[in-house]
Amino acid sequence: MTERQLASFTVEGPVQAEIMVLALVAGDVMLTGPCGAAPWYVEVAQGADPMAVAAAIIRANVGEPAVVHSTSWRQARGGVVLTFVAVMDQAAVGGLDRLPVQRAELARGAATAAPAEIAAGPVIEHGLRHLAWLAKDDPAVEGALPAGWLGVLDGYVPEPFRHL
Amino acid sequence: MRKRVSCDCGWSFEGEDAELIAAVQEHGRKLHGMDVTAEQALAMAQPA
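Quantities reported herein were computed from a predicted structural model and do not represent experimental measurements.

Looking at the overall build of chain A
In terms of helices and strands, chain A carries four helices and seven strands. Taken over 164 residues, chain A has a buried fraction of 37%. Partitioning the contacts of chain A with sequence separation of at least 6, the portion at a separation of at least 24 is 67%.

Structure follows, in structure tokens:
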């Protein structure tokens, strides 16, 4: 943490995890978590495994996730942000603030450059597209998704992990 | 003097220095994996 950024409480560091906690409620994908529907940022300490950090902090604050998977990375917030999608059973997020996920156009960059700016919507959209890809490609993910998810993900274009 | 601190995630806390430091350190560690010193916690705060 540097003096420059002490005016407000914000997560920083060269590697940050951005966790999108998702649950299916009445057929709608909801963005939720301990920060409500705001992106949940977690500092990843030097030498730590980002996946292990994300999974552990989800377990500690929300509950046992059905699926946790990294879906994209981008340069932002003064470091590298690794986005993780965490699919939770509806019962685990019952008391948390949430908002329905809206469909969004993906942020597209040039062949050798990232998009100039990326809002949360395209990050979540890509996360769900990657989840759709995993659901078709990875039997472990397909089997772990709670009821209803496979049908919802049919509406998303499957995409691999990517740089946003 | 009571102070207030807010986190980008929407969490906020208001209180005296000692309880504010404890709350910020707990929030930082539990929710964001951050180790926050007492000095850093106070530097984040504004008068309530």
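Regarding the pairing of strand β5 (residues 79–88) of chain A
A regular strand places its side chains on the two faces of the sheet in alternate fashion. Within β5 of chain A, eight of the 10 residues are buried, which leaves the element mostly enclosed by the surrounding structure. Taking the residues between adjacent antiparallel strands as the criterion, strand β4 (residues 67–76) of chain A and β5 of chain A are bridged by two residues, where Arg77 of chain A takes a positive phi near 55°.

Regarding the interface of chain A and chain B
At the junction of the two partners, chain A supplies 18 residues and chain B supplies 15 residues. Within the side of chain A that touches chain B, the residues separate by chemical class into 13 nonpolar, four polar and one charged.

Concerning unusual backbone geometry
All names here are of chain A. Even without a glycine there, the phi angle at Ala26 is positive, about 55°. Mapped onto the elements of the fold, Ala26 is located in the loop between β1 (15–25) and β2 (28–32). A count of 8 C-beta atoms within 10 Å places Ala26 in the exposed class.

Quick word on the environment of Glu16 of chain B
For Glu16 of chain B, the location among the structural elements is in the loop between β2 (12–15) and α1 (17–32). Taking the C-alpha atoms as reference points, Glu16 of chain B and Arg4 of chain B, separated by 12 residues in sequence, lie 8.7 Å from one another.

Details of the nonpolar core
Residue and element names in this part refer to chain A. Residues Ile19, Leu22, Val42 and Ala86 are the most contacted members of the largest nonpolar core, which totals 56 residues. It is helix α2 (residues 120–137) that provides the largest number of residues to this core, a total of eight residues. Non-local contacts of Ala86, meaning those with residues more than four positions away in its chain, are made with Ile19, Met20, Val21, Leu22, Ile58, Pro65 and Val68.

Here's the deal with helix α1 (residues 50–61) of chain A
Residue and element names in this part refer to chain A. Relative to the 16 Å expected for 12 residues at 1.5 Å per residue, α1 spans 16 Å between its end C-alpha atoms, a close match to the ideal helical length. When we look at burial in α1, the residues that qualify are Val53, Ala54, Ile57 and Ile58. Burial along α1 is one-sided: seen end-on, the buried residues are contained in an arc of 125°. For α1, exposure combined with an orientation more than 90 degrees from the buried face picks out Ala52 and Ala60. Close packing links the buried residues of α1 with β1, β3 (40–43), β4 and β5. Just downstream of α1 lies Gly63, where phi reads positive at about 145°.

Observations concerning the environment of Met51 of chain A
Residues and elements named next belong to chain A. Looking at the secondary structure, you find Met51 in helix α1. Owing to 15 C-beta atoms within 10 Å, Met51 belongs among the partly exposed residues under this scheme. Taking the C-alpha atoms as reference points, Met51 and Phe84, 33 residues apart in sequence, are found 8.2 Å from one another.

Thoughts on the sheet that holds strand β3 (residues 46–47) of chain B
All names here are of chain B. With respect to topology, three strands assemble into an open sheet ordered β2-β1-β3, the strand pairing being antiparallel. Of all strands in the sheet, those bounded by a partner on one side alone are β2 and β3. Pairing between strand β1 (residues 3–6) and β2: four bridges, direction antiparallel. Across the sheet, the residue bridging to Lys3 is Gly15, located in β2. Of the strands in this sheet, β1 and β2 touch α1, which is tilted by about 160° from β2.

Side note on the environment of Ala56 of chain A
Tracing the backbone through its elements, the reader meets Ala56 of chain A in helix α1. Taking the C-alpha atoms as reference points, Ala56 of chain A and Ala104 of chain A, 48 residues apart in sequence, are found 29 Å from one another.

What counts as what
Residues numbered from 1 in each chain as written. Chains lettered and ligands numbered in written order. Predicted model: local features only at pLDDT ≥ 70, side-chain atom pairs only at ≥ 80, totals over all residues. Helix = DSSP H or I, 4+ residues; strand = E, 2+ residues; numbered from the N terminus. Buried ≥ 20, exposed ≤ 12 C-beta atoms within 10 Å, placed from the backbone. Contact = placed C-beta atoms within 7 Å. Pairing = 2+ DSSP bridges. Nonpolar A, V, L, I, M, F, W, Y, C, P; charged D, E, K, R; others polar. Core = buried A, V, L, I, M, F, W, Y, C linked by C-beta atoms within 7 Å. Expected span 1.5 Å × (residues − 1). Arc of directions from axis to C-beta. Axes fitted to C-alpha atoms, helices over the stretch in contact; angles between N-to-C directions.

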